[in-house]
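# Coordinate inspection notes
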Amino acid sequence: MASFLQSLIDPKKNWLAAQHMKSVSKRLRKYGLRYDDLYDPYYDLDIKEALNRLPREIVDARNQRLKRAMDLSMKHEYLPDNLQAMQTPFRSYLQDMLTLVKKERAEREALGALPLYQRTIP
């Protein structure tokens, strides 16, 4: 069953998934974003921890892309076509660290250790 579901969302095997990926890629290129930029560190603490572990220049580049996208959105503009062609929306920088953080959290839970981070109410 899992392999069937994987084949449904794989753009190499499913035409509709490929069209969806093309559409998302086009939207991200308009603002100069990458797919990993869309992850919210306030929503998931694993993402926040993964961002904390990344090198500073990668996080700075992410923040610059987000600021540029917000600026373009407020101005109701898009990146020029020559800059849109240079964008790589599906080049990942966060996924490897995120899987490592999730594995560490699962291992800590399996061993019965206290979590590294908890959501607290101020």
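The structure we're discussing is the one just above.
All values reported here derive from a predicted model rather than from experimental measurement.

### Considerations on the nonpolar core
With nine residues, the main nonpolar core is built from Ile47, Ala50, Leu51, Leu54, Val59, Tyr93, Leu94, Leu98 and Val101. Elements represented by at least two residues in this core include exactly helix H3 (45-53) and helix H6 (95-111). For this core, the element with the most residues is H3, which contributes three residues. With residues near it in sequence (within four places) discarded, leucine 51 still touches Pro41, Val59, Arg62 and Leu94.

### Here we look at the packing of aromatic side chains
Across all of its chains, the model carries three aromatic pairs by this definition. Relative to tyrosine 78, the ring of tyrosine 31 lies with its centre 5.5 Å away and its plane at 70°, an arrangement referred to as edge-to-face. Here tyrosine 78 lies in the loop between helix H4 (56-74) and helix H5 (81-84) and tyrosine 31 lies in helix H2 (residues 15-31), a separation of 47 residues in the sequence. Ring-pair connections join several aromatic residues into one group, and the members of that group are Tyr35, Tyr39 and Phe90.

### Considerations on the pattern of salt bridges
As enumerated under the stated definition, the model contains nine salt bridges in all. Aspartate 37 is the partner of arginine 65 in a salt bridge, and the nearest nitrogen-oxygen pair spans 2.7 Å. Note that arginine 65 is positioned in helix H4 and aspartate 37 in the loop between H2 and H3, a separation of 28 residues in sequence. The pair formed by arginine 65 and aspartate 37 is uniform in burial state, with each residue classed as buried. Through salt bridges with shared partners, a single network forms among Asp44, Asp46, Lys102, Arg105 and Glu109.

### Considering the environment of arginine 108
Considering the arrangement of structural elements, one finds arginine 108 in helix H6. Given the relative accessible area of 29%, arginine 108 is considered partly exposed. Note: C-alpha distance between arginine 108 and threonine 88 (20 residues apart in sequence) is 35 Å. Those residues in contact with arginine 108 that sit more than four places away from it in its chain are Ala113, Leu114, Pro115 and Leu116.

### Quick word on the side chain of asparagine 14
Counting through the fold element by element, asparagine 14 comes out in the loop between helix H1 (2-9) and H2. Within polar-contact distance, the side chain of asparagine 14 engages the backbone nitrogen of leucine 16 at 3.0 Å. Once you skip the residues sitting within four places of it in the chain, asparagine 14 turns out to touch Ser7 and Leu8.

Cut-off values and rules
Residues numbered from 1 in each chain as written. Predicted model: local features only at pLDDT ≥ 70, side-chain atom pairs only at ≥ 80, totals over all residues. Heavy atoms only, no water. Core = buried A, V, L, I, M, F, W, Y, C linked by side-chain atoms within 4.5 Å. Buried < 20%, exposed > 50% of the residue type's maximum accessible area, 1.4 Å probe, protein only. Helix = DSSP H or I, 4+ residues; strand = E, 2+ residues; numbered from the N terminus. Contact = heavy atoms within 4.5 Å. Phe/Tyr/Trp six-rings, centres within 6.5 Å; stacked < 30°, edge-to-face > 60°. Salt bridge = Lys/Arg side-chain N within 4 Å of Asp/Glu carboxyl O. Polar contact = N/O pair within 3.5 Å; in protein donor to acceptor, adjacent residues only side chain to side chain.

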